Amino acid sequence: MSTAMGRIVKQVSEGTTKYYWYPGDKKEWIRAAVALGIGLAAFGLLMLLTRNILLAAVVGTSVTALVAGLNFGRRDARALAGFPDLGDRAARRAVAGHAGKAVWRAFAHGLGGAAAAVLILNLPHAGVVADWVLPVVPAVVGALAHQAGMLYERLTASASTAGPAAAPAKPEPALQAAGK
């Protein structure tokens, strides 16, 4: 089974098994559902507290974009860290596979930002801020969260060396004499 497809197995009877295939990894679908759930909870809470649908929609979509951006950024950073040496044909094919998945994630992220902008623009509102600034807030938050997710993943990665660190080089005697 490839990592690009998930599978649900249900035992119907003793001799019958049903397989349901879906794109992606189950863990990533759960993360997407969590991001959407957190955004809906933020929307509901702000709608309950403020009764302002514009503010609730901007915050709800921004929170969803934030969590999704962190997830996408961490996943992109893991994919970048896994790039092998490109001297081998199989390695180049693996890089093409990683790039294809990254393009899909970028498309999903961009589509989410555009959908949030359309949603916010179609709400009842008035003013320049509501027309020009608020629709791009979720996309900007998502992009910044993507970068933060990549940075977080790189900071948690540890680097290893082949052996112990070399001793510092000793200064040459001619340079010491010239400095006196």
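Residues numbered from 1 in each chain as written. Predicted model: local features only at pLDDT ≥ 70, side-chain atom pairs only at ≥ 80, totals over all residues. Heavy atoms only, no water.

A. The arrangement of the overall build of the chain in detail. Looking only at helices and strands, the chain has six helices and two strands in total. Across the chain, helices and strands are ordered from the amino to the carboxyl terminus as β-β-α-α-α-α-α-α. When burial is assessed residue by residue, the chain has 22% of its 180 residues classed as buried. Sequence separation of 24 or more characterises 53% of the internal contacts of the chain that already satisfy a separation of 6 or more. When the accessible area of the chain is evaluated, it comes to approximately 12,700 Å², of which 68% is carbon and sulfur surface. (Helix = DSSP H or I, 4+ residues; strand = E, 2+ residues; numbered from the N terminus. Buried < 20%, exposed > 50% of the residue type's maximum accessible area, 1.4 Å probe, protein only. Contact = heavy atoms within 4.5 Å. Areas by Shrake-Rupley, 256 points an atom, 1.4 Å probe, with all protein chains shown as cover.)

B. Structural context of the side chain of glutamate 153. Relative to the elements of secondary structure, glutamate 153 occurs in helix α5 (residues 137-156). Classification of glutamate 153 as buried rests on a relative accessible area of 15%. Ignoring any residue separated from it by four or fewer positions in sequence, one finds glutamate 153 in contact with Arg74, Ala77 and Arg78.

C. Focus on the environment of alanine 130. Relative to the assigned elements, alanine 130 resides in helix α4 (residues 128-133). As a C-alpha pair, alanine 130 and leucine 54 span 76 residues in sequence and 8.3 Å in three-dimensional space. Alanine 130 has contacts with Leu54, Leu121, His125 and Pro135, leaving out every residue within four places of it along the chain.

D. Summary view of the environment of isoleucine 120. With respect to the helices and strands, isoleucine 120 occurs in helix α3 (residues 89-121). The sequence separation of isoleucine 120 and leucine 54 amounts to 66 residues, and the corresponding C-alpha distance is 6.7 Å. The contact partners of isoleucine 120, leaving out residues within four places of it in the chain, are Leu54, Val58, Thr61, His125, Leu134, Pro135 and Pro138.

E. Geometry of the confidence of the model for the chain. Taken residue by residue, the chain gives an average pLDDT of 84. The fraction at 70 or more is 81%. Averaged pLDDT values for the elements of the chain fall to 57 in helix α6 (residues 173-179) and rise to 94 in helix α1 (residues 26-50). (pLDDT = per-residue confidence, 0-100.)

F. Representation of the packing of helix α2 (residues 53-81) against α3 within the structure. In contact at an axis separation of 10 Å, α2 and α3 are set at 175 degrees when each is read in the N-to-C sense. Taken together, the axes of α2 and α3 lie roughly antiparallel to each other. Contacts between α2 and α3 involve Leu54, Val58, Thr61, Ala65, Ala68, Gly69, Phe72, Arg75, Asp76 and Ala79 from the first element and His98, Ala102, Arg105, Ala108, His109, Ala116, Leu119 and Ile120 from the second. Class assignment of the residues belonging to the contact of α2 with α3 gives a composition of 11 nonpolar, four polar and three charged. (Axes fitted to C-alpha atoms, helices over the stretch in contact; angles between N-to-C directions. Parallel < 35°, antiparallel > 145°, perpendicular 65-115°, else oblique. Nonpolar A, V, L, I, M, F, W, Y, C, P; charged D, E, K, R; others polar.)

G. Here's a closer look at α2. For α2, spanning 29 residues, the distance from its first C-alpha to its last is 41 Å, which sits close to the expected 42 Å at 1.5 Å a residue. With a side-chain oxygen positioned 3.1 Å from the backbone nitrogen of leucine 54, the residue opening α2 is asparagine 52. (Expected span 1.5 Å × (residues − 1). Polar contact = N/O pair within 3.5 Å; in protein donor to acceptor, adjacent residues only side chain to side chain.)

H. Looking closely at the environment of aspartate 131. With respect to the secondary-structure elements, aspartate 131 resides in helix α4. Along the chain, aspartate 131 and leucine 121 lie 10 residues apart, while their C-alpha atoms are 6.5 Å from each other. A distance of 2.6 Å separates a polar atom in the side chain of aspartate 131 from a polar atom in the side chain of histidine 125.

I. Representation of α3. Compared with an ideal rise of 1.5 Å per residue, which puts 33 residues at 48 Å, α3 spans 48 Å between its outermost C-alpha atoms and is within 8% of the ideal. Every buried residue belonging to α3 is among Ala91, Val95, Arg105, Gly113, Ala116, Ala117 and Ile120, and all of these are buried. Those residues of α3 hidden inside the fold are in contact with α2 and α5.

J. Highlighting the pattern of salt bridges. Evaluation of the coordinates by the stated rule reveals five salt bridges. Salt-bridge contacts for arginine 31 lead to glutamate 28; the nearest nitrogen and oxygen are separated by 3.2 Å. Remark: glutamate 28 and arginine 31 occur in helix α1; sequence separation between them is three residues, near one turn of the helix. Accessibility expressed as a relative area gives 24% for arginine 31, which makes it partly exposed. A cluster of three or more residues bridged by salt bridges with shared partners is formed by Glu28, Arg31 and Arg75. (Salt bridge = Lys/Arg side-chain N within 4 Å of Asp/Glu carboxyl O.)

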